[in-house]
Structure formats: C-alpha cells, structure tokens
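# Architecture and fold: a report
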Amino acid sequence: KAPKLRRLSTKCSLLKLLQLTTTPDNQARRKLCVPRSGGTTLVSPAGTDPKGTAAEKKAKAEAAAARKAEEAKKAAARAEKKRKAREAAMRKIPVAPLCRWSQTMTNVHLQFTLGNPDSATLNVTISEDWFRFVVRDQSGRLNGAEMELREFVVPDLCRYELKRGALSVVLHKARPHAWDRLLVSADQYKGGLKKAWAADSSDLVIEEDQDLPEGPGILQMNASSFETARNGTLGRLMVVVAFRYPWCGNCTEKDKSFEETARAMYRDERLDGVVFGVVDAREEKHLGRKYNATCSDECNVTVFKPDEPNTIYTIPGKKFTGELQVEVYKHVLPAVHDIEGPERFEKFHAAFNTTVIGFFQGNRTTDPHVPAFIDVAESMRGRGLFAACWDGCTPESIGLPRFYSDAGAVELANETGRAPFVLVLKPAENRSVEFAGDLASDLGLFSKVLSLPLLGSYDFQSRQQYREAGVPVGMLWVSSHEFGVPGSRADVILRNLAQRHAGAVSMVKLNASADGILMRMYGLEPWRLPAFGIADREDFYADRFAFKVDPEEHDAFWEDPGKASQGLSTFCDDYRAKKLEPSHETLFLNSNYTWQPGHVQEVVWGTYQRDVNHSTQDILLELYSPQRDNHHTHTAVMQVVAHSLRSLNLVKVARMDASQNWVPPGLTTRAKDSITADYFVISGNVTRRVVKFRGISRILEQMPERLLRFLHEQSTLDWELDPHLPDMKEVTEQLEQMKGHEEDAKKAAMEEWIEHEKAEFRRLKGEGKFDGMDLNLDNINVEGLMADMMNQGRGRRKKEL
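Here's what I pulled together on the structure shown here. (Residues numbered from 1 in each chain as written. Predicted model: local features only at pLDDT ≥ 70, side-chain atom pairs only at ≥ 80, totals over all residues. Heavy atoms only, no water.)

## Observations concerning the overall build of the chain
- Counting secondary structure elements, the chain contains 22 helices and 30 strands.
- Expressed as a percentage of its 801 residues, the buried residues of the chain come to 42%.
- Of all intrachain contacts in the chain linking residues separated by at least 6 positions in sequence, the fraction that spans at least 24 positions is 68%.
- Within the structure as shown, the chain displays about 45000 Å² of accessible surface, and the carbon and sulfur contribution to it stands at 51%. (Helix = DSSP H or I, 4+ residues; strand = E, 2+ residues; numbered from the N terminus. Buried < 20%, exposed > 50% of the residue type's maximum accessible area, 1.4 Å probe, protein only. Contact = heavy atoms within 4.5 Å. Areas by Shrake-Rupley, 256 points an atom, 1.4 Å probe, with all protein chains shown as cover.)

## Notes on the state of the cysteines
- The final tally for this structure, using the stated rule, is 3 disulfides.
- A disulfide bridge connects Cys251 with Cys299, and the sulfur atoms are separated by 2.1 Å. Taking the torsion about the S-S bond as the criterion, the Cys251 to Cys299 disulfide, at about -100°, is left-handed. Highlighted residues: Cys251 in the loop between strand E12 (238-244) and helix H4 (252-266) and Cys299 in the loop between helix H5 (285-290) and strand E14 (301-304), separated in sequence by 48 residues. Residue Cys251 shares its accessibility class with Cys299, and that shared class is buried.
- At a sulfur-sulfur separation of 1.8 Å, the disulfide partner of Cys389 is Cys393. Handedness here is read from the sign of the S-S torsion; for Cys389 and Cys393, about 80°, the answer is right-handed.
- Its relative accessible area of 2% is what places Cys389 among the buried residues.
- Given the relative accessible area of 10%, Cys393 is considered buried.
- Each bonded cysteine of the chain gets a number by its place in the sequence, and the pairs then read 1-3, 2-4, 5-6. (Disulfide = S-S within 2.5 Å.)

## A word on the nonpolar core
- Counting 27 residues, the largest nonpolar core has Leu620, Leu645, Val653, Leu707, Leu708 and Trp719 as its most contacted members.
- Secondary-structure elements contributing two or more residues to this core are strand E27 (618-624), helix H17 (631-644), strand E28 (651-657), strand E29 (677-682) and helix H18 (703-714).
- Once residues lying within four places of it in the same chain are set aside, the contact partners of Leu708 are Val641, Ser644, Leu645, Trp719, Leu721, His724, Leu725 and Met728.
- Formed by 23 residues, the second largest nonpolar core is a distinct cluster that contains Leu494, Phe532, Val549 and Trp558. (Core = buried A, V, L, I, M, F, W, Y, C linked by side-chain atoms within 4.5 Å.)

## Quick notes on the sheet that holds E12
- An order of E11-E13-E12-E14-E15 is seen for the 5 strands of this open sheet, with the pairing classed as mixed. Each edge of the open sheet is held by one strand with a lone partner, namely strand E11 (218-221) and strand E15 (312-315). For this sheet, the mean inter-axis angle between neighbouring strands, taken without regard to orientation, is 30°.
- The pairing of E12 with strand E13 (residues 274-280) spans 7 bridges and is parallel. Counted as the bridge partner of Ala242 is Val278 from E13. (Pairing = 2+ DSSP bridges. Axes fitted to C-alpha atoms, helices over the stretch in contact; angles between N-to-C directions.)

## Let's talk about the pairing of strand E8 (residues 159-163)
- Where E8 lies against strand E9 (residues 166-172), 5 bridges are found, and the strand directions are antiparallel. Looking across to E9, one finds that Arg159 is bridged to Val170.
- Here E8 folds back onto E9 in antiparallel fashion, the turn holding 2 residues, of which Arg164 has a positive phi close to 50°.

## Quick notes on the pattern of salt bridges
- Within the structure shown, the criterion is met by 32 salt bridges.
- With its nearest N and O atoms 2.7 Å apart, the salt bridge here joins Arg364 to Asp338. Of this pair, Arg364 sits in the loop between strand E17 (355-359) and helix H8 (370-379) while Asp338 is found in strand E16 (residues 337-338), placing the two residues 26 residues apart along the sequence.
- Residue Arg364 is classed as partly exposed on the basis of its relative accessible area of 33%. (Salt bridge = Lys/Arg side-chain N within 4 Å of Asp/Glu carboxyl O.)

## Some details on the packing of H8 against helix H9 (residues 439-450)
- Between H8 and H9, whose axes approach to 9 Å, the crossing angle comes to 25°. Judged by the angle between their axes, H8 and H9 are roughly parallel. Considering only the axes of H8 and H9, their crossing is right-handed. Packed against H8, whose contacting residues are Ala372, Phe373 and Val376, the element H9 presents Leu439, Ala440, Leu443 and Gly444 at the interface.
- Per-class residue counts for the contact of H8 with H9 are 6 nonpolar, 1 polar and no charged. (Parallel < 35°, antiparallel > 145°, perpendicular 65-115°, else oblique. Left-handed = near helix turned anticlockwise from the far one by under 90°. Nonpolar A, V, L, I, M, F, W, Y, C, P; charged D, E, K, R; others polar.)

## Digging into the sheet that holds strand E7 (residues 142-148)
- If you walk across this open sheet you meet the 3 strands as E5-E6-E7, and the pairing is antiparallel. Edge positions in the sheet fall to strand E5 (123-126) and E7, since each of these pairs with one other strand and no more. When the angles between neighbouring strand axes are averaged without regard to direction, this sheet yields 0°.
- With 7 bridges connecting them, strand E6 (residues 130-136) and E7 associate as antiparallel partners. Paired with Arg132 across the strands is Glu146, a residue of E7.

## Here we look at the packing of aromatic side chains
- Scanning all chains against the criterion turns up 28 aromatic pairs.
- Relative to Phe131, the ring of Phe112 lies with its centre 5.8 Å away and its plane at 15°, an arrangement referred to as stacked. Of this pair, Phe112 sits in strand E4 (residues 107-113) while Phe131 sits in strand E6; the two residues are 19 residues apart in sequence, bridging distant segments of the chain.
- With a relative accessible area of 0%, Phe112 lands in the buried category.
- Residue class for Phe131 comes out buried when judged on its relative accessible area of 0%.
- An angle of 35° between the planes, with centres 5.5 Å apart, marks the rings of Phe547 and Phe557 as tilted. Residue Phe547 is found in strand E25 (residues 544-547), and its partner Phe557 is found in helix H14 (residues 554-559); the two are separated by 10 residues along the sequence.
- Here the basic side chain of Lys652 rests over the ring of Trp595, its NZ or CZ set 5.4 Å away from the ring centre. (Phe/Tyr/Trp six-rings, centres within 6.5 Å; stacked < 30°, edge-to-face > 60°. Lys NZ or Arg CZ within 6 Å of the ring centre and 35° of its normal.)

## Structural notes on H8
- Inspection of H8 places Val370, Phe373, Val376, Ala377 and Glu378 among the buried residues, and these make up the whole buried set.
- Considering only its buried residues, H8 is in contact with E15, E17, strand E18 (385-389), strand E19 (421-426) and H9.

## Let's talk about the side chain of Arg244
- Counting through the fold element by element, Arg244 comes out in strand E12.
- Judged by its relative accessible area of 6%, Arg244 falls in the buried class.
- There is a polar contact of 3.0 Å between the side chain of Arg244 and the side chain of Asp255. (Polar contact = N/O pair within 3.5 Å; in protein donor to acceptor, adjacent residues only side chain to side chain.)

## Considering helix H6 (residues 321-332)
- Over its 12 residues, H6 runs 17 Å from end to end, which matches the ideal 16 Å to within 8%, given 1.5 Å per residue.
- In this structure, the buried residues of H6 make contact with E12, H4, E13, E14 and E15. (Expected span 1.5 Å × (residues − 1).)

## Re the pairing of E25
- Along E25, one buried face is formed by Arg544 and Ala546 and the opposite face, lined by Phe545 and Phe547, is buried too.
- The sheet contact formed by strand E24 (residues 531-535) and E25 spans 4 bridges and is antiparallel. Within E25, the residue paired with Phe532 across the bridge is Phe547.

Below, the structure written as structure tokens:
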C-alpha cells in the first residue's frame, strides 16, 4: 500500500485500541501495543483469538445454521401454500371430457364420457346458442364443458340424462336441417370432440351449401359492415339486404333476379344511393334471427332506410328482374310526398294505381295528425302513393276536380287541429273515395282495400296480392257460362256491393268450375250458384262467413239484382259489425236422407247442430277417417251397436267423417289428419257433457260390447244394459268373417300392384334403363315386404320401412 494509506490505517488501529482499553467492560479484552520492525502490531492477550474463541465460532455457526433452517422452512411453507392455491384454482377449472356428437334432422345428440360422476353436483344450462354443464366426480375433480353452438336450439324442448358414467344430451334444433359442424369454433372446446357418423339418423339429408348472391353492386356483409350501411354512415339512401342460409336451396332462382337487379341498379348513376348486400345468416346467426331470416319459398328481401330508422320493409322475392326493380324503386321514393300546387300534382298523380292524399290544416312539423298519416304511408309502401297538401290546402287548390268531378264537393272546415281530409284516388278506374274513420286505426285497412281492383280476379298472381294485403275478401261464385260475360247479373251485383263497402271489403268473382272446391271451406253447396262468402283474409286458417239463402228462394233471390245487392250489403254490414258466426267445412247429405232407429245416423257439420247439439238423446258418436284399416269392419261394428239399441229411444249411435267435416274444439280427435277413429258419448241434457272412449281394441270382435258398456256407463238417462247384450255374441263370427274378407281383398290388391310394378321393372330393364346398376328382383323379399306393409310397419321394422 502507499505510505500515506499505511499511516492512516495504523492511526485508526491505535484509536480503536484506545477505545477498548478505556472501557471498563472490556478490560478482559485489552489489547497491547508491541513494537515491531516496520510498524506496530496488535497482539491479543495470552490464550485468546482476535476473532473470538472456538465456542463463539461454533455458536455463531449454529445460529447461522438455525437461521438458514428457519428461512428454508418458511420458503417450503410458502411453496406449499402456493401449490395448494394452484391446486384449488385448478379444481375450479372444469376438465373438458371427451364428447361424441351425432344428429337427426330435428335434434343434436351429445354424449360426454365422465367416469364416475356425482349426480348430486350436476348443473346443466341450455340457452338458445350455448350449452354448459359442470359435475364433480367421486374424487372431487370438476368436469364440465362450455360450448357456443353453431346454430340455435329450442331450450324448452331439449333434455339430458346422467346415466352409467355418461351425460347424454338431446338439443332440439330451431330449424330442422343438417348442421355442418357442432360449434362456432372447434378450438373453443379443449376436450376431445368426435363426430359419430354412424349414429346419424338414416333420414338425415346433408344439404350442399349454395352460393350466396354475388357480383357487381352486392356487398358481402357481416354484422359490423351491415350496421355501418344501415345507419347511413356510407351516405346511402337505402340498403337492400338478402338474409340467406347457405344450406337452403329454395331461393336459388329468385336470387338470380336479385343479382341482376343489383347489377342493373349499380350501373344507374341516379340510384347511386342504393346499396345491395347479402348476409350469411348461418355465420351471422344473431343478425339473421333479428331480421327473421328463413328458409322458405318467399325468399324475402329486407329494405332499410337510414332516414326511417324505426321502419323495416319486407319485399317478397321475385323470379323476374323487372318485378324486383319496380319494388325497389317504390321504396326509393319518400313515404309522403309534398304537393305545392297543380303542376306538382299533375306530374305524379297517375304514376300509381292508388294515390292517397291528405289535406292538412297545419304543416308537416306542427300538425298533430302527421305522425299517424306517415305510419300508414310507411306500412303501405309499394301499394300506393301517399301525398300531403299543407297549411289549409283544398282539393280545388291543386286542381283535383279537373280529374275527379266529385273530389271538390266537400267543404273543409277551417278549424285548428281538425283531422285531415283524406281522399283515395284510383286513376285507372276514374274514381275517388273519401275516407271517414280514425286516421290511426282505420286508414291502413281502407288504403289496402282500395289499392286492390274494384272487382278482382282470383288467379295465382292475384291471390298473392290479396295474401300480402291481408284484407277481408268477399267471394262471389258464378257458373262458368256466366263468369266470362261482362256486365252480367253477377257483375252488377258485385259492383254495387264493392262500391257500397269500398275500403272495408275487397270483392272478387270466381268461376265455380275451377274454384268450386273453395266453397267447401264455407260450408256452401257447390252446385247451388251463385253463392257468396267473406274470408277475414287470404289464408287457409282464416275465419270464413257464408251467406246462406233458403234453397226454395235461392233462384228468385239472385234473379233480382236490387234484392240481391241489398241482402248482400246487409250481410257485409253484419260482418263489419262482427255479428256473424264463422262457417266451416262440411259434406252434404242426400236431400232424401232420413235416419231410422236401429241404424247409425250419418252426421255432417251442416247437420251437427240439429242432430247432436240440439238432441235430447244420449249419443255415441264416432269420428272416423275412411282411409283407416278395415274401414268396412269398423262400419259394421257401429251398425251392430246401433242395431242392439233399435228398441230404445233414449240413446242413438251416430258417426261423422272427420277428414271432410269441421270438428268442434271440444272433440279432440286424431281422425282429422290420420287414418284412425275416436269415440265419444255426448249427453243429451243441457250441460252437453262429452266423454272420450279410451278402451279401443285391435280385436274388432270385442269392440261392439265395449262400446255398448261405455255408452251405458256414461249415459245420463236410465236404461238397462243386459237386454241388449245378446246381440253382441250373435255377430262376433260375422265380424271375424268380414274382417278376413277385407284383409284378403287388401292383400289381393297389394299383390296385383306388386306384380304390375315387377312387370314394369322388367320392361324398363329390358330397355337398358338400369344398365350399370346392380338391381335384381330376386334379391327382394317381396313376401316379407308385403307383410310389413300390411301391418303398417309396426314395431322394430317401422323405422326400416
């Protein structure tokens, strides 16, 4: 070291020594200074070590070891605590088990392999597009799954079962079709996910994905781009969107028209504000559901206008480009046009078949009736042109009387807050109709009815128009020779009726030769013409009301147009006042038919009220379908029961064909839509109690006695059963023979049909129609197939058939 640093070190050592020697407590550790050549050296007292004794070293070492041990113990405790925390956290995260899935057209089947689950801890949650479950096994480990489903399901129709170490789940599809995969993304499920192809139903139809509309002017939209376009961010006037499912092939033809319309309007600079788009409703499932995406023949196109954010328009798909273009053009125009004067009115009043004009006392922003008028105008888009004249404008001020002589006859009161005067103009028919009613509740129906022809036809195209309008339709059936005669008696009557009830009921004329089958739904006789009825709307399930005329007065009534017009007008008034009871489908009995005791009474809906509801007798009623098996034997069963009661006036036996007659709601039956029968006892007292027979037997020989005992048990009248039972035993053998004959006849008909088909097959095969195909009749078990078909495919063979 440098000399200066050595001197400083020696000085510090001497100061330390001085401190030690002057301290009383440290006398035992006094250090001496002994001179040494080259400097001063510190020497410890005899028998001592400058760094402490060996005991002190040992103590220090033990203390250090103890500290290290304590620190190690604490570190181990901290590590154990962290490990347990990790285990606790891991226990809260379910282990995803192996999942196998299969499907039918209506259901998705899931099976999770769980090992040894504790059923008491099972928790399952099924929503419209999510499936979740958790369950602990016997060791306490948590198993579970959380899946976002590819498509929507119906939670109320889904079910699950935990059995033999596996969780089986059945998810009911919201739309019956084959799913292309189970989950939105397969990566979201960490467990094993396997498709059990062999478990798929044999009736599953795998649809090939169709190409969605594409081309110039068509945007492929997702949820984000759709909202951007709809909100007007792109500066568009209108967005026309087709929501389509790739697996649905119903709209292939109409979507070609959509592509051509988009291409044509894309090139038209005047329509630069119109954008066409397509949304894949499977990928954007929430968007598709929000806007009612369907797989139907309608193939609707949805129209959004940023300036009308609360209104969504739906246009049915069209096969022809021109039709769809016209519909789109209609929606480009404003909902309500402003008319400033005669020039403006003359420019567009004949552009539409129907024009609705409102004459308002105030202006667009201050008049309180404007919102209701605009609401109706928006709902009527495409069916008519709505216009408004403001600030006390009158029909004369825009030149209306020049076109419609009766339009200026009304003087408008100059009152603040008065309802607008509304006229509906029909340029093609050269007539105007004044609206009288509530603007909000009545103007919509009024305008829709007047948007249709005064006297309409009823072909396929016009039916679609009436169906879309959803208005009441009055139908007049005439004979074929009178149908094609203009200005005929029927035309005069129907025109008078249409003018009297303009805006309330639309009127059409039908040819009974072509459309007479529709008369059955009204309970009208197709041979008694003319005939009239009203339907609430053009729909299969709509209520219908038939105008009934006494058969003896029928011809005289229709010969007088004035009398017929007055009678039908009164009928329409009663319909509008909701005073009529609905009519229903019925067969008709022969006019000479009379019922005799000891026989089964034939009942149709037209005679049901008289023969059943107003009867004082207790009635055993059969509702049947003539397509049922052994129909003739069933008919004989009822005849046996009726014959056994031939001497009893308190009860009777009746039957009604449920496939050809309307069945009252109180009689729940399967015979309406299937090949079967049901039996009821209807009491003849005021309460009209109805009891259904539950003891139907396949052994038809037992049915007469069972039905007779059922009638006696449920009858409200007092009569003895025993005198009528002997007849049951006498006919048992005859019923067996009849059933055998009927089975033989059916088998013979089946054999004849099969032989005919086999001969046709051999003929076609001989012509080379089946070359290259491994087809051989010898490999088909015809007898076994016949037996299965004769037995209606009961039991295990039903699914195979």
